[in-house]
Amino acid sequence: MVFLLEGMAGLGIGFLLVVALAEWGKFRNKAEKGFNWIGLAGVWFLFAGAIQLAIMLGADSATPTVATYIGGATAGAAFAIFQVIGWIFALIGTLFAAYEVLVEK
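The following refers to the structure shown. Only a predicted model underlies this, so the values are computations on that prediction, with no experimental measurement involved. Within any chain, residue numbers begin from 1 and follow the written order of that chain's sequence. Only residues with pLDDT of 70 or above have their local features reported here, since the model is predicted, and side-chain atom pairs are shown and tallied only from 80 upward, although totals for entire chains, interfaces and linings are computed over all residues. Side-chain calculation: all heavy atoms of the structure are included, whereas hydrogens and water are not.

### Observations regarding the side chain of Arg-28
Operational definition: Helix and strand assignments follow DSSP, with helices taken as H or I runs no shorter than four residues and strands as E runs no shorter than two, numbered in order from the N terminus. With a 1.4 Å probe rolled over the protein chains alone, any residue whose accessible area is under 20% of its type maximum counts as buried; one over 50% counts as exposed, and the rest are partly exposed. Under this definition, polar contacts are N or O atom pairs within 3.5 Å; protein pairs additionally need one hydrogen-donor-capable and one acceptor-capable atom, and for neighbouring residues in sequence, both atoms have to be side-chain atoms. Whether two residues touch is decided by their heavy atoms; if any such pair falls within 4.5 Å, the residues are in contact.
When you line up the elements, Arg-28 lands in the loop between helix 1 (7–24) and helix 2 (32–60). Of the residues examined, Arg-28 reaches a relative accessible area of 17% and is grouped as buried. At a separation of 2.3 Å, a polar atom in the side chain of Arg-28 contacts the side chain of Asn-36. Not counting the four nearest positions on each side in its chain, Arg-28 is found in contact with Val-19, Ala-22, Glu-23, Phe-35 and Asn-36.

Here's what the structure looks like:
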């Protein structure tokens, strides 16, 4: 279970936790669009973390994983793409949230 707190999966859980805490603290109403983007970034980071885990497990054991079937280079490229998309969504969400909180009522 420690692997859920490491790498991109842990980052994705952290982003989703931010959205959940903002909802619980009634802060999400002030920046709805921004927190939606931040939540999407968390989902993309979870996707990247799942691929990262498949790559790590495929290298350590003889049990076939998704990375074994699609190839190590393809899995690495998918990991990089999901990671970049997650960071872009996190940046857009942060900018939207800052704009909605600071400029709007």
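Next comes the rest of the write-up.
### Digging into the side chain of Glu-100
Rule in force here: A residue counts as positive if it is Lys or Arg and as negative if it is Asp or Glu; His and the chain ends are not included. The rule for a salt bridge is simple: a side-chain nitrogen of Lys or Arg has to be within 4 Å of a carboxyl oxygen of Asp or Glu.
With respect to the helices and strands, the residue Glu-100 is situated in helix 4 (residues 72–102). Of the side chains bearing the opposite charge, Lys-33 lies closest to the buried Glu-100, which forms no salt bridge; the N-O distance is 5.2 Å. Setting aside anything within four residues of it in sequence, one finds Glu-100 in contact with Lys-30, Ala-31, Glu-32, Lys-33 and Gly-34.

### Quick word on the pattern of salt bridges
The tally for this structure, following the rule as stated, stands at two salt bridges. Where Arg-28 meets Glu-23, a salt bridge forms, and the shortest distance between an N and an O atom there is 3.2 Å. Residue Glu-23 is classed as partly exposed on the basis of its relative accessible area, which comes to 40%. With its nearest N and O atoms 3.6 Å apart, the salt bridge here joins Arg-28 to Glu-32. For Glu-32, a relative accessible area of 36% translates into the label partly exposed. Counted as one network, the salt bridges with shared partners bring together Glu-23, Arg-28 and Glu-32.

### Some thoughts on the packing of aromatic side chains
The line we're drawing: Note on aromatic contacts: the rings of Phe and Tyr and the six-membered ring of Trp form a pair at centre separations within 6.5 Å, being stacked when their planes are under 30 degrees apart, edge-to-face when over 60 apart, and tilted otherwise.
Under the definition given, this model contains nine aromatic pairs. Each ring, one from Phe-45 and one from Trp-87, has its centre 5.0 Å from the other, and the planes form 70°; the classification is edge-to-face. With Phe-45 in helix 2 and Trp-87 in helix 4, this pair connects stretches of sequence that are 42 residues apart. Among the residues examined, Trp-87 registers a relative accessible area of 44% and is labelled partly exposed. Relative to Phe-82, the ring of Phe-47 has its centre 5.7 Å away and its plane inclined at 45°; by these criteria the two rings are tilted. Within this pair, whereas Phe-47 is found in helix 2, its partner Phe-82 is found in helix 4, the two being separated by 35 residues in sequence. On the basis of relative accessible area, Phe-82 is assigned to the partly exposed category, the value being 22%. An aromatic cluster is built from Trp-37, Trp-44, Phe-47, Phe-82, Phe-89 and Phe-96, whose rings are joined through pairwise contacts.

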